[in-house]
Amino acid sequence: MSTQASSDGESQVDYTHTPWLDPSATPFIQIKNINKQFGAFTAVSDVSLDIYKGELFALLGGSGCGKTTLLRMLAGFEKPSSGSILIDGVDMGGIPPYERPVNMMFQSYALFPHMNVEKNIAYGLKREGVAKAERTERTKEILNMVELAEFAKRKPHQLSGGQRQRVALARALIKRPKVLLLDEPLAALDKRLREQTQFELMNIQEKLGITFVVVTHDQEEAMTLATRIAVMDKGNFEQIGTPAQIYENPRSRFIASFIGSANLLECTVVEREGNMYSVSQSSNSQAILVEYDGDLSIGANVTVAVRPEKIRVEKRSAVSSAVADGHNQLNGIVKEMAYLGRLSTYHIVTENDVMIEVTSPNQARYRDGNHPIDWDDEVTINFAPQSAVLLTE
Amino acid sequence: MAASDQSLKRWYSKFTNVVHRNLRSLIVGIPFVWLLLFFLVPFFIVLKLSFAESIIASPPFTSLLDWSGGGFPEISINKDNYLYLIEDDLYLRTYLNSLKIAITCTIICLLIGYPMAYGIVRTQGTWRYILLLLIILPFWTSFLLRVYAWMGILADQGTINDILLYLGFIDKPIKLLYKPIAVYIGIVYTYLPFMILPLYANMEKLDSSLREAAMDLGANPVSTFFTVTLPMTLPGIIAGSLLVFIPATGEFVVPDLLGGGNVLMIGRLLSSEFNANHDWPLASAIAVVLLIVLVLPMMLYHRVQASQANS
Ligand SMILES: Nc1ncnc2c1ncn2[C@@H]1O[C@H](COP(=O)(O)OP(=O)(O)OP(=O)(O)O)[C@@H](O)[C@H]1O
Ligand SMILES: [Mg+2]
C-alpha cells in the first residue's frame, strides 16, 4: 500500500495495487458460503472469499484439503452443495462451464492427445467462432510467448512434461478469460524453470490484467506469486491475507507452522502491563515478554510463536551488555548446527529443556573456515517482545 | 532315491535353462504354429480345392496333381469355379446382399451399441458391473438356442404379434419370420455384444478431464462429443465394427433359420453348394472370394492403425 500525503495534510490512499483494502471496491469473484459434500464427506465447508480484479490469488494447502474442488466449482464442473458464486456480478449457479468467463489449466493438463500443439491451443478460439486468420495469428503469438513455436506441429505425447505444461497454459490463456484458474501449474517443473515460469506468470498477469486463481501446495511459490493467499485446511480457510500478513501475523498455530517454520511455546499468561504480556512455560521457568494487542486475562493458555530468523544467538562469553537486560533472554546449548552458506541454522536446547530453532545470517566471513558458534557451545538467545506472536487458536 | 532326485533336479534345471533361453522364440512361436496349423493349412486346402474339378466320387473332387505320367506330376488348375462365380449373377447378387446386410447391421449395432457402452461407462459402482454382466450373459446359452427363441418371438403366432394383436395395433399377424427384417434383427441381436465390449474397453480408458477441458474452452456437449469423445473412441468403433462386420458377412445360422430361403446370404449359399450340391470346389471358390472380400477392410484397418501409431 502506498500512501500519498497531499499538501493540505489530508491523506489519500491509492488502492490500485491493493484493491482488497479499498472498502468501496466490488469484488470480482464472490464466493459466498460455499459448501461441497461428496456423500457424507465434506470437501469444502462453508467458505466465503472475495477476489478482486487483477489479483493473483493463491489457494494454499496440503494434499486433499479441497483446493481442486473449490477451483472446479469456480469452473463449473462441480455443483456446490450450498452457497453461491458470483463472477463479475453474475451468479454462476446453473451456468454451464462452456458459458463461464473462466478458463482452467488442469492439474493433469488434459491436453487433447489426438490434436497437435497448435490445434490444442486454437481449440477454444475455434469454439468461439473466431475467424481462421485471426485464430492463426493469435495462436502464433501465444506460441511465441510460451516459447513453443517450433513444436507447433507436435502431438502432446511427443513433448516433455514442462513443454506440455506450457501448452496447457497457452491453451487456457488464449481466450483471454476474465478469470484464469490454475491448478498446480508449476508442479512438474524443475526449480530453475519453475522460478522462471513464476515470473512469466506474473508478467502475463500484469500485461493482460486477467484475474488469476492459482492452486499450490508450495508455500514458497504462493509467497512469490500471490497478491494474497488463502491458506486452506480440511475444507476451511484458516487465514486469508497478503504473504507478509500471513507470515508475520499468523492467526493460528496451524498457520504459523504451515507457512515457514516457527518455534511454538506453550505458555500461560502471568502478568500484563498495557499491551505487554508476560507469559511463562511453567511456574519456575523464566517469563517471556510479548507485545500483544488483544485482551487476555491472567492464567489464559497461549502459544508464543517466534520465527527462527527473529531470534539472535550469541556465544555466552560474547553477550553484549546492550541486550543483556533480561528480556526474553535464554541460555542454552547448541545441539545441532547446519551451515547453509547464506545463513546457519541452530537447534538450541534451553536450560528448561525446550528446543528452539534459530537461523542467523552469516554476515561476517569466517576466513579460517571455522564457525564461531559450534556444536555443544554454550549460547544465549534473545528476541524482542515485538518479534513474537501470541496465538490463542 | 536321492541319486534319482539329484538327476531329476539336474534334468529339470537343464530343461528350465533351455526353456528360458528359448522363451522368446517360444512366445513368438506358439501363435505362429497355431496360425499355421489352424488357419494357413486349412486355407491352403480350401484354396487347392477351389481349383479342383467337381466329380461324382468320394471325395467329390479331382486332385490337382496328376502322378500318372511318372516322374514330374502334371498340375491341372481348373479356373472354371471362379469363372462360374462371375457368369451366374446369383453369386454376385448374394455377395452384394451379404455385404449390404452386414454393413447395415454393423451400422445399427454401432448406433445402438455406442450409447449403451457410453451409458455403462458413465454408470458408477456395482451397477456398472451388473450392466456389463447383462451384455455378456447371452453367451452363457447356446447361440443356436437363442436363434430358435427368436423364431418363437417373430413367428406369426409369436410373442411380438401376440402383443400387437392384444394391444389392437394390428388385426391380423404381420409377417416377420422368413423376411429380411428377421435376419437383420437376428444379426444385430447376435453381434451387438461384439460392438459394445470393445467400445466399453476403449471408453473406460477415456480421461474425463479431456471432456471437461473441452467444455471449459467453450465447447457445448454436442461439440465436445464430436471434437473430443468421438475421435478418441475411433479405435473402439473400428474394432467393434470389424468384429460385427466380418462374421456377419459370412453368417449362416441366422439367415438359414430366420430368413428361410428368402434371404440371399453367402453363408447359406456356400452351405448349400457344399451339402446339397456336393460341389466342394465351387463352395471352396465361394469361400476364397469371401475371404478376399473380408481381408480388404482388415488391411485397411491396419493401415489406419499404423498411420495413427506413426503420427
Ligand atoms: N468426486 C469425488 N468424490 C468423493 N470425494 C472426492 C471427490 N473429489 C474429491 N474428493 C475428496 O475431496 C477432498 C478434497 O479433494 P481435492 O481434489 O479438492 O484436494 P486438493 O486440495 O486439490 O489436493 P491435492 O493437493 O492433492 O491436489 C479429498 O479428500 C478427496 O478425496
Ligand atoms: Mg488438487
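Everything quoted here is computed from the prediction, not taken from an experiment.

### Quick look at the interface of chain A and chain B
Now for step 1: Across the boundary between the two partners, chain A contributes 23 residues, which contact 19 residues of chain B.
Now for step 2: Counting the surface lost from both chain A and chain B, the interface buries some 1800 Å², and carbon and sulfur atoms represent 61% of this.
Now for step 3: Summed over the shared surface of chain A and chain B, the result is 1 salt bridge.
Now for step 4: For the salt bridge of Glu 212 of chain B with Arg 72 of chain A, the shortest nitrogen-to-oxygen distance reads 2.8 Å.
Now for step 5: Inspection of the chain A/chain B interface yields 8 residue pairs in polar contact (both at pLDDT 80 or more).

### Looking at the sheet that holds strand β7 (residues 90-91) of chain A
Residue and element names in this part refer to chain A.
Now for step 1: Taking strand neighbours across the sheet as the criterion, the 4 strands line up as β4-β3-β6-β7 in an open arrangement whose pairing is antiparallel. The two strands at the open ends of the sheet, each matched to only one other strand, are β4 (41-51) and β7.
Now for step 2: The pairing of strand β3 (residues 29-38) with β4 spans 7 bridges and is classified as antiparallel. Its bridge partner being in β4, Ile 34 is matched across the sheet by Val 47.
Now for step 3: Seen against the sheet, helix α1 (residues 67-75) touches β3, β4 and β6 (82-87) and runs at an angle of roughly 120° to β3.

### Considering the confidence of the model for chain A
Now for step 1: Averaged over chain A, the pLDDT score is 87; the fraction of residues at 70 or greater is 94%.
Now for step 2: In the model, residues 1-10 of chain A has pLDDT below 50 throughout and makes 8 contacts with residues more than four positions away in sequence or in other chains.

### Examining the pattern of salt bridges
Residue and element names in this part refer to chain A.
Now for step 1: Within this structure, the stated rule accounts for 20 salt bridges over all chains.
Now for step 2: As a salt-bridge pair, Lys 175 and Glu 128 come within 4.0 Å of each other at their nearest N and O atoms. Taken together, the positions of Lys 175 in the loop between α4 (161-173) and β9 (179-183) and Glu 128 in helix α2 (residues 117-128) put the pair 47 residues apart, joining distant regions of the chain.
Now for step 3: Note on Glu 128: relative accessible area 46%, which makes it partly exposed.

### Section: the site of ligand 1
Residues and elements named next belong to chain A.
Now for step 1: Neighbouring ligand 1 are 13 residues; Ser 63, Gly 64, Lys 67, Thr 68 and Thr 69 lie closest to it.
Now for step 2: Measuring from an oxygen atom of ligand 1, one finds a side-chain N or O atom of Gln 107 at 3.2 Å.
Now for step 3: Here an oxygen atom of ligand 1 and a side-chain polar atom of Glu 184 are 3.4 Å apart.
Now for step 4: Isolated, ligand 1 exposes 630 Å² of accessible area, and the fraction of that covered by the protein chains is 62%.
Now for step 5: Of all the secondary structure elements, the ones that give two or more residues to the shell around ligand 1 are β4 and α1.

### Focus on the sheet that holds strand β20 (residues 355-361) of chain A
Residues and elements named next belong to chain A.
Now for step 1: Strand order in this open sheet of 5 strands is β17-β21-β18-β19-β20, and the pairing throughout is antiparallel. Each edge of the open sheet carries a strand with a single partner, namely β17 (312-315) and β20. Strand after strand, the sheet turns through a mean of 45° between neighbouring axes, direction not considered.
Now for step 2: Looking at chain direction, strand β19 (residues 343-350) and β20 are connected through 7 bridges and run antiparallel. Note that in β20 the partner of Tyr 346 across the bridge is Val 358.

### A few points about the domain arrangement of chain B
Residues and elements named next belong to chain B.
Now for step 1: Considered domain by domain, chain B is made up of domain 1 (1-86) and domain 2 (88-278).
Now for step 2: Looking at the side of domain 1 facing domain 2, the largest losses of area belong to Pro 60, Tyr 84 and Leu 85, adding up to 80% of the total buried there.
Now for step 3: Linking domain 1 to domain 2 there are 0 salt bridges.
Now for step 4: Remark: the boundary between domain 1 and domain 2 carries 1 residue pair in polar contact (both at pLDDT 80 or more).
Now for step 5: Residues belonging to the side of domain 1 that touches domain 2 are distributed by class as follows: 4 nonpolar, 1 polar and no charged.

### Focus on the coordination of the magnesium ion (ligand 2)
Residue and element names in this part refer to chain A.
Now for step 1: At this site the magnesium ion (ligand 2) is bound by Thr 68 (OG1) and Gln 107 (OE1), with donor distances of 1.9 to 2.7 Å. Here Gln 107 lies in the loop between β8 (102-105) and α2 and Thr 68 lies in helix α1, a separation of 39 residues in the sequence.
Now for step 2: When its relative accessible area of 43% is taken as the criterion, Gln 107 is described as partly exposed.

### With respect to the pairing of strand β11 (residues 228-233) of chain A
Residue and element names in this part refer to chain A.
Now for step 1: β11 sits mainly inside the fold: 6 of its 6 residues count as buried.
Now for step 2: Burial along β11 is two-sided: Arg 228, Ala 230 and Met 232 facing one way and Ile 229, Val 231 and Asp 233 facing the other are all buried.
Now for step 3: Judged from the 5 bridges that link them, strand β5 (residues 56-61) and β11 form a sheet pairing that is parallel. Bridging from a neighbouring strand, Phe 57 pairs with Arg 228 of β11.
Now for step 4: Two strands pair when backbone bridges link them, and β11 and strand β12 (residues 236-241) are joined in this way by 5 bridges, in the antiparallel orientation. Bridge pairing links Ile 229 to Gly 241 in β12.
Now for step 5: The turn joining β11 and β12, which pair antiparallel and follow one another in sequence, is formed by 2 residues; a positive phi near 50° is taken by Lys 234.

### Some remarks on the packing of aromatic side chains
All names here are of chain B.
Now for step 1: For the structure on display, the rule yields 17 aromatic pairs over all chains.
Now for step 2: Ring centres of Phe 43 and Phe 44 lie 5.6 Å apart, and the angle between their planes is 65°; this geometry places the pair in the edge-to-face category.
Now for step 3: Phe 43 sits in the partly exposed class, given a relative accessible area of 21%.
Now for step 4: Geometrically, the ring pair formed by Phe 139 and Phe 194 is edge-to-face, given 5.4 Å between the ring centres and 70° between the ring planes.

### Notes on helix α5 (residues 126-136) of chain B
All names here are of chain B.
Now for step 1: Here α5 has its buried residues at Arg 128, Leu 132 and Ile 135. Seen end-on, α5 carries its buried residues on one side only, within an arc spanning 55°. Turned more than 90 degrees from where α5 packs its buried face, Thr 126 and Trp 127 sit exposed.

### Quick look at the packing of helix α3 (residues 80-87) of chain B against helix α4 (residues 89-122) of chain B
Residue and element names in this part refer to chain B.
Now for step 1: Packing of α3 against α4 leaves a shortest axis separation of 4 Å and a crossing angle of 75°. Taken together, the axis directions place α3 and α4 in an arrangement best described as roughly perpendicular. The segment α3 lies against α4, with Tyr 84, Leu 85 and Glu 87 engaging Asp 89, Tyr 91, Leu 92 and Tyr 95.
Now for step 2: For the contact of α3 with α4, a count of residues per class yields 5 nonpolar, no polar and 2 charged.

### Concerning the environment of Glu 314 of chain A
Now for step 1: For Glu 314 of chain A, the position within the fold is in strand β17.
Now for step 2: A C-alpha to C-alpha distance of 36 Å links Glu 314 of chain A and Glu 238 of chain A, two positions 76 residues apart in sequence.

### Structural notes on the domain arrangement of chain A
Residues and elements named next belong to chain A.
Now for step 1: Along its sequence, chain A is carved into domain 1 (12-101 + 177-254) and domain 2 (262-393).
Now for step 2: Put simply, the middle of domain 1 and the middle of domain 2, counted by C-alpha atoms, are 35 Å apart.
Now for step 3: Facing 7 residues of domain 1, the contacting portion of domain 2 comprises 9 residues.
Now for step 4: Taking both sides of the interface into account, the surface hidden between domain 1 and domain 2 amounts to around 850 Å²; carbon and sulfur atoms contribute 44%.
Now for step 5: Looking only at domain 1, the three residues that lose the most surface to domain 2 are Tyr 247, Arg 251 and Arg 253, adding up to 66% of its buried area.
Now for step 6: The partner of Glu 248 in a salt bridge is Lys 310, and the shortest N-O contact between them spans 3.2 Å.
Now for step 7: Linking domain 1 with domain 2 are 5 residue pairs in polar contact (both at pLDDT 80 or more), by the criterion used here.

Definitions and cut-offs
Residues numbered from 1 in each chain as written. Chains lettered and ligands numbered in written order. Predicted model: local features only at pLDDT ≥ 70, side-chain atom pairs only at ≥ 80, totals over all residues. Heavy atoms only, no water. Contact = heavy atoms within 4.5 Å. Buried area = accessible area lost by both parts, 1.4 Å probe. Salt bridge = Lys/Arg side-chain N within 4 Å of Asp/Glu carboxyl O. Polar contact = N/O pair within 3.5 Å; in protein donor to acceptor, adjacent residues only side chain to side chain. Pairing = 2+ DSSP bridges. Helix = DSSP H or I, 4+ residues; strand = E, 2+ residues; numbered from the N terminus. Axes fitted to C-alpha atoms, helices over the stretch in contact; angles between N-to-C directions. pLDDT = per-residue confidence, 0-100. Buried < 20%, exposed > 50% of the residue type's maximum accessible area, 1.4 Å probe, protein only. Near = heavy atom within 4 Å. Areas by Shrake-Rupley, 256 points an atom, 1.4 Å probe, with all protein chains shown as cover. Domains from an automatic or database assignment. Nonpolar A, V, L, I, M, F, W, Y, C, P; charged D, E, K, R; others polar. Donors = N, O, S within 2.8 Å, 3.2 Å for Na, K, Ca; no water. Phe/Tyr/Trp six-rings, centres within 6.5 Å; stacked < 30°, edge-to-face > 60°. Arc of directions from axis to C-beta. Parallel < 35°, antiparallel > 145°, perpendicular 65-115°, else oblique.

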